[in-house]
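Single-letter residue listing:
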Amino acid sequence: EAATAERERIVAVELKLRTVEAAKAARGSLIRMVMHDLRSPLLSVAKSVAIVQDLEPDARVDDKVVVECLRAMATCSQLM
């Protein structure tokens, strides 16, 4: 009986270790996926901000470039 109990304990520990390893792998995969999904919209927002910053100080809000940049940032924010 002692040997059976020891085997059951070992099996339980091995199962727990596999579960923890699977959880770590799933967490890592989720983080990589989220980072990948956020990278493109963030780069688009950064580019749009750079374009707007390069505009003349007297640029109008209804200027075509400003409107396009704002539209791009709005689209990116919906993706995030």
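As shown above, the structure is provided for reference.
Predicted model only: the values in this text are computed from it and were never measured.

Colleague: Which parts of the structure should I look at to understand the overall build of the protein?
Modeller: Within the protein, the regular secondary structure consists of 2 helices and 0 strands. Taken over C-alpha atoms, the radius of gyration comes to 26 Å for the protein, far larger than the 12 Å a tight globule of 80 residues would show. Counting all 80 residues of the protein, 8% fall into the buried class. With an accessible surface of roughly 6,900 Å², the protein has 62% of that area assigned to carbon and sulfur atoms. Here the protein holds 12 positive side-chain charges and 12 negative ones, and the gap between their average locations is 6 Å.

Colleague: Please clarify how the pattern of salt bridges should be interpreted in this entry.
Modeller: Enumeration over the complete set of coordinates arrives at 3 salt bridges. Across the salt bridge formed by Arg 18 and Glu 14, the nearest N and O atoms sit 3.9 Å from each other. Within this pair, Arg 18 and its partner Glu 14 are both found in helix H1 (residues 2–53), separated by 4 residues, close to a single helical turn. Glu 14 sits in the partly exposed class, given a relative accessible area of 38%. One salt bridge in this structure joins Lys 64 and Glu 68, with 4.0 Å as the shortest N-O distance. With a gap of 4 residues between them, Lys 64 and Glu 68 both fall in helix H2 (residues 64–79), about one helical turn apart. On the basis of relative accessible area, Lys 64 is assigned to the exposed category, the value being 61%.

Colleague: Quick question: what am I supposed to make of H1 here?
Modeller: Because each turn of an α-helix spans 3.6 residues, side chains separated by three or four positions in sequence point in the same direction. Helix length check: H1, at 52 residues, gives a terminal C-alpha distance of 74 Å against a target of 76 Å (1.5 Å per residue), a fit within 8%. Bending of H1 peaks at approximately 30° at the position of Arg 39, with proline Pro 41 no more than four residues after it.

Colleague: Would you mind going over a nonpolar patch on the surface with me for this structure?
Modeller: Residues Leu 30, Met 33 and Val 34 make up a contiguous nonpolar surface patch of roughly 260 Å² in combined accessible area. With respect to the secondary-structure elements, Met 33 resides in helix H1.

Colleague: Sorry, what's going on with the side chain of Ser 48 here?
Modeller: Checked against the element boundaries, Ser 48 lands in helix H1. A relative accessible area of 6% places Ser 48 in the buried class. Discounting chain neighbours no more than four positions away, the residues touching Ser 48 are Cys 69, Ala 72 and Met 73.

Calculation rules
Residues numbered from 1 in each chain as written. Predicted model: local features only at pLDDT ≥ 70, side-chain atom pairs only at ≥ 80, totals over all residues. Heavy atoms only, no water. Helix = DSSP H or I, 4+ residues; strand = E, 2+ residues; numbered from the N terminus. Rg over C-alpha atoms; globule rule 2.2 N^0.38 Å. Buried < 20%, exposed > 50% of the residue type's maximum accessible area, 1.4 Å probe, protein only. Areas by Shrake-Rupley, 256 points an atom, 1.4 Å probe, with all protein chains shown as cover. Lys, Arg positive; Asp, Glu negative; His and termini not counted. Charge placed at Lys NZ, Arg CZ, Asp CG, Glu CD. Salt bridge = Lys/Arg side-chain N within 4 Å of Asp/Glu carboxyl O. Expected span 1.5 Å × (residues − 1). Bend = angle between axes of the 7 residues up to and from the residue. Patch = residues over 30% accessible without salt bridge, like charges linked within 9 Å, V, L, I, M, F, W, Y side chains within 5 Å. Contact = heavy atoms within 4.5 Å.

All we've got here are geometric facts, nothing functional implied.
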